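# Remarks on the overall topology
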Amino acid sequence: MEKLKTLRGFRDIFGDEINTFQHIEHVTRKYCKLLGFAEIAIPVLEKTELFVRSIGDTTDIVEKEMFTFIDKGGDSLTLRPEATAGIVRAYLQEGMYAKERVSKLFCIGPMFRHEKPQKGRFREFHQIDVEVFGIDDPLVDAELMWMIFLILNELGVDSYGIEINSVGCPGCRETFKKVLVSYFETKKNELCEDCIRRLQRNPLRIFDCKNAKCIEVSQKSPFLFDYLCVTCNEHFDMLLKHLEGFGVAYIINKRLVRGLDYYTKTVFEVTSDKLGAQKAFIAGGRYDNLVEEMGGPSAPGYGFAIGVERLALLTKMKELPKQPSYFFAYVGDRAKAYIVPMLRTFVKEGLSLSYSYEGKSLKSQMRYADSLHADFVFILGDEEIGKHIIVLRDMRKKIQFELPLEPSKLLQEVKKLITQ
RNA sequence: GUGGGUGUAGCUCAACGGUUAGAGCACUGGGUUGUGGACCCAGUGGCUGAGGGUUCAAAUCCCUUCACUCACCCCA
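Just so you know, these numbers come straight off a predicted model, no measurement behind them. (Residues numbered from 1 in each chain as written. Chains lettered and ligands numbered in written order. Predicted model: local features only at pLDDT ≥ 70, side-chain atom pairs only at ≥ 80, totals over all residues. Heavy atoms only, no water.)

## Looking at unusual backbone geometry
One non-glycine residue, Lys-360, lies in the positive phi region at around 60°. Mapped onto the secondary structure, Lys-360 falls in the loop between strand 13 (352-355) and helix 15 (362-371). Of note, the phi angle at Lys-398 is positive, near 60°, even though the residue is not glycine. With respect to the helices, strands and loops of the structure, Lys-398 is situated in the loop between strand 15 (389-394) and strand 16 (399-404). (Helix = DSSP H or I, 4+ residues; strand = E, 2+ residues; numbered from the N terminus.)

Here's what the structure looks like:
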């Protein structure tokens, strides 16, 4: 029989890694709540059309990376490749735009993209998504970057850079595209095959190319940054002022463009050189026209996504002080019968009590207790039962003493030890 | 989708084409009656990823396939 295993690019997350995940979620939730964000859980599965309309039908994500299938009813459904589309849908469907002036939402969960896996990239991966709707003040852009700064600081991530750029509004972008295309047309023979293709479809993405010759050509090319309209320019200037006010260090990267069609004005990436080829672990930007394009009111938006797997690779876990743990070791069947009352007594008080189901020798139980890093071990046998006592061994201090066997008195003595 | 690298015990890895495929870690038991970590002894554990071929003989060479991995494309 064939061995059962996870699908390619899908993984079990457990052990140290899931602890890191939980820690990342905990810290992120804390700052989201401090800055007035409300958590929302949205479906993993939506109609394919939602993603095609929001992400853009010529993007790689939509063209070749979605898990799409036909449902029994004949609908085309897709496992979400990103969260923004679904959150925009919820924002509209639940009428949030009518209930509040500004909506601040965040969402944590798995995303799915049918790509070839490599370092820091999986077919099922996890994102923490943060979005703001209803306001286009550059203060929002800066505030969220500051939040990232606070989160990374608390997670002990040190070597990273926040790269920012502006991709303008549809107005300045269109005029710039013409300038750009006419420049690259003159250098066409120096570009790689991919970039010649990009020239037709999405010339801005030539800036993303890693080919040495293309970089050389594009470095001398005009930048959209220098062609921004007055409004976009002012937005960007204010963003920089606010970032300085927040004390967030940034790098302006005029080459930075993003893979999703809906971005306007501010775009940014947080990168680390410790991640291999997939160096961006947080990315986001402004999307002032997306909500309207999705059939809603004219509501600007701004958001970012944290790649949890990638961030986990950079997170330093601190050893948290834990409350003491207890182990119950027993000798003989009469003593084993005390497992149930011991458990009831301890767990009710919120104290962790482990034990061996199999019993075996006291030696093996002590070894087991040690492997579980128990702080205290109770030892009970016929001898103690006869004397109405139980032995408590302090595993760190290597000392042991006798305590009353009666549960309420035992608990009293144990609590005294904790407060010592 | 395109390349490169790697597949041997639960994990990390050995084994020139030649005995019964080994070691460390982990696990289990033991090292005077009922006491942990270190140390010592013993034990469990493998269709060498799968399938075919070459050979007297294949973990080892060849082909196919699958998986993992890194990179490209793209992305968090």
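## Let's talk about the environment of Thr-266
Topologically, Thr-266 is positioned in strand 9 (residues 264-271). Spatially, the C-alpha atom of Thr-266 lies 7.1 Å from that of Phe-236, the residues being 30 residues apart in sequence. In this structure Thr-266 touches Asp-141, Met-145, Asn-165, Ser-166, His-235, Leu-239, Gly-285, Arg-286 and Tyr-302, once residues within four positions along its chain are discounted. (Contact = heavy atoms within 4.5 Å.)

## Structural notes on the sheet that holds strand 5 (residues 103-112)
Strand order in the open sheet formed by eight strands is 1-5-6-11-10-9-7-8, with mixed pairing between adjacent strands. Edge positions in the sheet fall to strand 1 (38-39) and strand 8 (251-252), since each of these pairs with one other strand and no more. Strand contacts of helix 4 (residues 84-93): strand 5 and strand 6 (124-133), with the helix running at about 40° to strand 6, the strand carrying the most contacts. Taken strand by strand, helix 6 (residues 138-154) contacts strand 5, strand 6, strand 7 (161-166), strand 9, strand 10 (280-286) and strand 11 (301-307), and its axis lies near 20° from that of strand 11. (Pairing = 2+ DSSP bridges. Axes fitted to C-alpha atoms, helices over the stretch in contact; angles between N-to-C directions.)

## Quick notes on the side chain of His-23
Note on placement: His-23 falls in helix 1 (residues 16-34). The exposure class assigned to His-23 is buried, which follows from its relative accessible area of 18%. With sequence-adjacent residues up to four places away left out, His-23 is seen in contact with Leu-155, Thr-315 and Met-317. (Buried < 20%, exposed > 50% of the residue type's maximum accessible area, 1.4 Å probe, protein only.)

## Looking at the domain arrangement of chain A
Domain parsing of chain A yields domain 1 (16-169 + 229-314) and domain 2 (325-419). One C-alpha centre belongs to domain 1, the other to domain 2; they are set 50 Å apart. (Domains from an automatic or database assignment.)

## Some words on helix 1
With 19 residues, helix 1 extends 27 Å from end C-alpha to end C-alpha; this agrees with the ideal 27 Å at 1.5 Å per step. Within the sequence span of helix 1, burial applies to Thr-20, Phe-21, His-23, Ile-24, Val-27, Thr-28, Tyr-31 and Cys-32. Looking straight down helix 1, one finds its buried side chains confined to an arc of 165°; they lie on one side. Projecting away from the buried face of helix 1 at angles above 90 degrees are the exposed residues His-26 and Lys-33. In this structure, the buried side of helix 1 is in contact with strand 5, strand 6, helix 6, strand 11 and helix 12 (308-314). In the segment just after helix 1, Gly-36 is the residue with positive phi, at about 85°. (Expected span 1.5 Å × (residues − 1). Arc of directions from axis to C-beta.)

## Some words on the packing of aromatic side chains
Taken as a whole and assessed by the stated rule, the structure comprises 20 aromatic pairs. Considering the side-chain rings of Tyr-262 and Tyr-263, the 5.0 Å spacing of their centres and the 55° angle between planes classify their relative orientation as tilted. Accessibility expressed as a relative area gives 8% for Tyr-263, which makes it buried. Across the ring face of Phe-122, the terminal group of Arg-11 is positioned such that the distance to the ring centre comes to 4.2 Å. (Phe/Tyr/Trp six-rings, centres within 6.5 Å; stacked < 30°, edge-to-face > 60°. Lys NZ or Arg CZ within 6 Å of the ring centre and 35° of its normal.)

## A closer look at the pattern of salt bridges
The final tally for this structure, using the stated rule, is 23 salt bridges. Here Arg-121 makes a salt bridge to Glu-115, at a shortest N to O gap of 3.5 Å. Summarising the burial analysis for this pair, Arg-121 and Glu-115 share the class buried. Here Glu-358 ties to Lys-360 by a salt bridge, and the two come within 4.0 Å at their closest N and O atoms. The pair formed by Glu-358 and Lys-360 is uniform in burial state, with each residue classed as exposed. (Salt bridge = Lys/Arg side-chain N within 4 Å of Asp/Glu carboxyl O.)

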